[in-house]
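Overview (structure and organization)
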Amino acid sequence: MNGADKIRLYKTMLLIRCFETKINSLFSKGLVYGTTHLCIGQEASAAATGMALRKSDYVVGNHRSHGHALAKGLEPEGLMSEMLGRVSGYCRGLGGSQHVASLEHHLLGTNGITCGGMPTALGAAFAQKFKGSDDICVVYIGDGATNQGVFHETMNMAALWSVPLLIVCENNLYAMSTPLGSHAAMGSNGLRKRGEAYGIKTVVVEDGLDAKTVYEAAVEAVDYTRAECKPYFLIINTYRTFGHSKSDARVYRTKEEEAAYKKKDSLKRFAEELVSDGDVHAAELKSWKSEIKGRIDAVADSALEERSLSAEELFELAEQTGYICNGKRGGQ
Ligand SMILES: Cc1ncc(C[n+]2csc(CCOP(=O)(O)OP(=O)(O)O)c2C)c(N)n1
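Model, not experiment: these values are computed from the prediction.

Per the secondary structure count, the protein chain includes 12 helices and 9 strands. Here the C-alpha atoms of the protein chain give a radius of gyration of 20 Å, agreeing with the 20 Å that 2.2 N^0.38 yields for 332 residues. Dimensions of the protein chain along its principal axes, counting C-alpha atoms only, are 65 × 50 × 45 Å. Counting the 332 residues in the protein chain, one finds 42% classified as buried. For the protein chain, contacts bridging at least 24 residues in sequence account for 72% of all contacts bridging at least 6.

All right, on to the packing of helix 1 (residues 3-28) against helix 2 (residues 43-51) then. Direction vectors running N to C along helix 1 and helix 2 enclose 130°, while the axes themselves pass 9 Å from each other. As the angle between them shows, helix 1 and helix 2 are arranged oblique. For the pair helix 1 and helix 2, the sense of crossing is right-handed. Between helix 1 and helix 2, the contacting residues are Arg 8, Leu 9, Thr 12, Met 13, Ile 16 and Arg 17 on the first element and Glu 43, Ala 44, Ala 46, Ala 47, Ala 48, Gly 50 and Met 51 on the second.

On to the site of the ligand. Close contacts around the ligand come from 15 residues, with Thr 114, Gly 142, Gly 144, Ala 145 and Ala 175 the closest. Among the elements of the structure, strand 2 (137-142) and strand 4 (174-175) are those that each provide at least two residues to the shell around the ligand. Its residues assigned to classes, the shell around the ligand shows 6 nonpolar, 7 polar and 2 charged.

Below, the discussion takes up the environment of Ala 4. Structurally, the position occupied by Ala 4 is in helix 1. Ala 4 sits 301 residues away from Glu 305 along the chain, and the two C-alpha atoms are 36 Å apart.

Moving on: unusual backbone geometry. With a phi close to 55°, Arg 92 is a non-glycine residue in the positive phi region. Following the sequence through the fold, Arg 92 ends up in the loop between helix 4 (76-83) and helix 5 (118-131). Non-glycine residue Ser 162 carries a positive phi angle of around 50°. Relative to the helices and strands, Ser 162 resides in the loop between helix 6 (149-161) and strand 3 (165-171).

The next point concerns the sheet that holds strand 6 (residues 201-205). Taken together, 5 strands build an open sheet; the order of strands is 1-2-3-7-6 and the sheet is parallel. Each end of this open sheet is capped by a strand with a single partner; those strands are strand 1 (58-60) and strand 6. Direction aside, the axes of adjacent strands within the sheet are offset by 20° on average. Across 5 bridges, the pairing between strand 6 and strand 7 (residues 232-237) is parallel. Paired with Thr 202 across the strands is Phe 233, a residue of strand 7.

This paragraph deals with the environment of Ser 188. Of note, Ser 188 is situated in the loop between strand 5 (178-179) and helix 7 (191-196). You can call Ser 188 exposed: it has 9 C-beta atoms within 10 Å. Counting along the chain gives 125 residues from Ser 188 to Glu 313, while the straight-line C-alpha distance between them is 50 Å.

For strand 2, the tally of buried residues reaches 6 of 6 residues, placing the bulk of the element in the interior. Of the strand pairs in this sheet, strand 1 and strand 2 are connected by 3 bridges, and their pairing is parallel. Counterpart to Val 60 in the pairing with strand 2 is Val 139. The pairing of strand 2 with strand 3 spans 6 bridges and is parallel.

Cut-offs used in this document
Residues numbered from 1 in each chain as written. Predicted model: local features only at pLDDT ≥ 70, side-chain atom pairs only at ≥ 80, totals over all residues. Helix = DSSP H or I, 4+ residues; strand = E, 2+ residues; numbered from the N terminus. Rg over C-alpha atoms; globule rule 2.2 N^0.38 Å. Buried ≥ 20, exposed ≤ 12 C-beta atoms within 10 Å, placed from the backbone. Contact = placed C-beta atoms within 7 Å. Axes fitted to C-alpha atoms, helices over the stretch in contact; angles between N-to-C directions. Parallel < 35°, antiparallel > 145°, perpendicular 65-115°, else oblique. Left-handed = near helix turned anticlockwise from the far one by under 90°. Near = placed C-beta within 6 Å. Nonpolar A, V, L, I, M, F, W, Y, C, P; charged D, E, K, R; others polar. Pairing = 2+ DSSP bridges.

Fair warning: the whole summary comes from geometry, so function is off the table for now.
Encoded structure:
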């Protein structure tokens, strides 16, 4: 990686960290609707995979996808407004955290249903092959999602149809409170085997908190998926610093484990490396931090000033989309 790429990667990670930290504070004040799943701790995975993609590649997210969206190029302004239910959000504030999409950025949607995005991503990847395009589609899932039936159906079809689908599995060790290695939910503790079983090229990034390593693995995965027009299963070992969602007291893991991962924090580590490798001065790092934090604070302040869609606009929209037809709801 050259110096410019390292800096771009670090700045994206920092943007995600600042955005998520702000969401955490807004949530505590009751200003974010619904629940929210933060990716603090997992920034290297989102930023590195996003950076390895082209603008024209497609992305499908999961419930923990604010970082994926920012790394794909969505602006914090539109994403913040979306999360706060405001009109200038990417989905006019109707999607929120778990259902944000931006077709302009080829983000086909985040998804609150565990593993729910995989079939959509399969379709998008198939469409690229069908059109003769060499764009690919990336879908983000967690380790727990690999226990869903739809994971296996999609893996099977992806291999069968040989489509350019990159499945990024962010293994943060827990699915809500269920530890991956506990045999409580997974018959075999073998994420790798789950890719290989379908004849899909599978690679594990053992240290997914090392941003440069994740980036190199992501570039390799993206290049293979594009050049070979085949699926690829990239497992990134990572750690979520906070709880599963906002109502999680984290009683299923020890304080010692959390402290050990805190020491390995990807942003802290990357910042130290950038300084010791001479890519940047410590003072510059400090100024980026306050610049990005200041931008996110301003973004949140201005989103909070905005209005949400009115009831009239909602009904109009429902008529336009066919959800309400002749005064009746769709399907009735
Ligand atoms: C079909 C379905 N079942 C259960 C849930 C509740 N749920 C939300 S997230 C989650 C765990 C997902 O774990 P994982 O895929 O490992 O992702 P992580 O949260 O660790 O990022 C569950 C069970 C859901 N949203 N959808």
